[in-house]
Amino acid sequence: MDETAGRISESAARAAGDLRVVFGRLRRRLRELQEPGDLTPSQMSVLSRLGKEGPASASALAAAERVRPQSVAATLGALEERGLIARRPDPDDGRRQLISLSGPGRERLEDYRQAREEWLARSLQDRCTEAERHTVVEAMAVLERLTRP
């Protein structure tokens with residue numbers, strides 16, 4: 001039997017630590033791009049989920065976001081106040097409501113994504129060589145594999 005079975009290699013441990021640090025910094029930098037009075041990370045997360053996955057009930061959103069139903073209710077209230085979501089009765093269960101993006105919510109989500117992608121693309125253009133950008137693209141394919149079940 002292999003003596004290293006179950007042990008984590010030094011390179012794997014270093015890669016994991018480096019990734020955690022770099023992605024944490026990147027996440028913070030992207031958050032810094034928010035305008036004062038902009039949406040909270042929780043609000044943007046719910047908008048992003050609705051944009052990606054489509055309409056959902058409040059309880060499904062709470063489960064997906066791994067927060068208490070009361071927390072998602074507050075988030076949805078703030079989004080509704082800004083006109084970024086719409087509620088409608090669930091056709092399969094009249095007791096529940098389905099939440100979806102409103103037109104302004106879709107626009108806000110697209111603006112949010114576009115601003116961050118433009119900043120990141122500009123940073124890659126200005127700070128990296130063509131070969132380095134190619135390396136990033138290849139590394140992203142490896143990282144994508146890590147996210148699969």
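None of the values given here were measured: they were computed from a predicted structure. (Residues numbered from 1 in each chain as written. Predicted model: local features only at pLDDT ≥ 70, side-chain atom pairs only at ≥ 80, totals over all residues. Heavy atoms only, no water.)

Visitor: Explain the overall build of the chain residue by residue, including any values.
Guide: Assigned secondary structure in the chain consists of six helices and two strands. Scanning the chain from its N terminus toward the C terminus, one meets helices and strands in the order α-α-α-α-β-β-α-α. Across its three principal axes, the chain shows a C-alpha extent of roughly 55 × 45 × 25 Å. In the chain, buried positions account for 21% of the 149 residues. Once local pairs closer than 6 in sequence are excluded, the contacts in the chain between residues at least 24 apart make up 51%. As presented, the chain carries roughly 11000 Å² of accessible surface, and 52% of it is formed by carbon and sulfur atoms. Averaged over its 26 positive side-chain charges, the chain has a centre that lies 4 Å from the centre of its 24 negative ones. (Helix = DSSP H or I, 4+ residues; strand = E, 2+ residues; numbered from the N terminus. Buried < 20%, exposed > 50% of the residue type's maximum accessible area, 1.4 Å probe, protein only. Contact = heavy atoms within 4.5 Å. Areas by Shrake-Rupley, 256 points an atom, 1.4 Å probe, with all protein chains shown as cover. Lys, Arg positive; Asp, Glu negative; His and termini not counted. Charge placed at Lys NZ, Arg CZ, Asp CG, Glu CD.)

Visitor: For the side chain of glutamine 43, give the residues involved together with the corresponding values.
Guide: Topologically, glutamine 43 is positioned in helix 2 (residues 41-53). Sequence-distant contacts of glutamine 43, defined by excluding residues within four places in its chain, comprise Thr75, Ala78 and Leu79.

Visitor: Can you explain the layout of surface pockets? Please cite residues and give values.
Guide: Space inside the largest pocket adds up to approximately 790 Å³. Lining the largest pocket we find 19 residues, and of these Arg27, Leu30, Ser48, Tyr112 and Arg116 sit closest to its centre. If you list the elements that add at least two residues to the lining of the largest pocket, you get helix 1 (10-32), helix 2 and helix 5 (103-127). Here the lining of the largest pocket is composed, by residue class, of seven nonpolar, three polar and nine charged. Taken as a whole, the second largest pocket encloses approximately 530 Å³ of empty space. Residue classes in the lining of the second largest pocket are distributed as 12 nonpolar, one polar and two charged. (1 Å grid on protein atoms, 1.4 Å probe; cavity = no way out; pocket = protein on both sides within 12 Å on 5 of 7 lines; lining within 4 Å. Points joined across faces, edges and corners; volume = space filled by probe spheres on them. Nonpolar A, V, L, I, M, F, W, Y, C, P; charged D, E, K, R; others polar.)

Visitor: Help me get a handle on the side chain of arginine 133, residues and values and all.
Guide: With respect to the helices and strands, arginine 133 occurs in helix 6 (residues 130-146). Accessibility expressed as a relative area gives 18% for arginine 133, which makes it buried. At a separation of 2.7 Å, a polar atom in the side chain of arginine 133 contacts the side chain of glutamate 130. (Polar contact = N/O pair within 3.5 Å; in protein donor to acceptor, adjacent residues only side chain to side chain.)

Visitor: Please provide a residue-by-residue account of a positive patch on the surface, values included.
Guide: A cluster of basic side chains, namely Arg25, Arg27, Arg28 and Arg31, defines a positive patch on the protein surface. Locating arginine 31 in the fold gives a position in helix 1. By relative accessible area, arginine 31 is classed as partly exposed at 40%. (Patch = residues over 30% accessible without salt bridge, like charges linked within 9 Å, V, L, I, M, F, W, Y side chains within 5 Å. Salt bridge = Lys/Arg side-chain N within 4 Å of Asp/Glu carboxyl O.)

Spatial relationships are all this shows, so hold off on functional conclusions.
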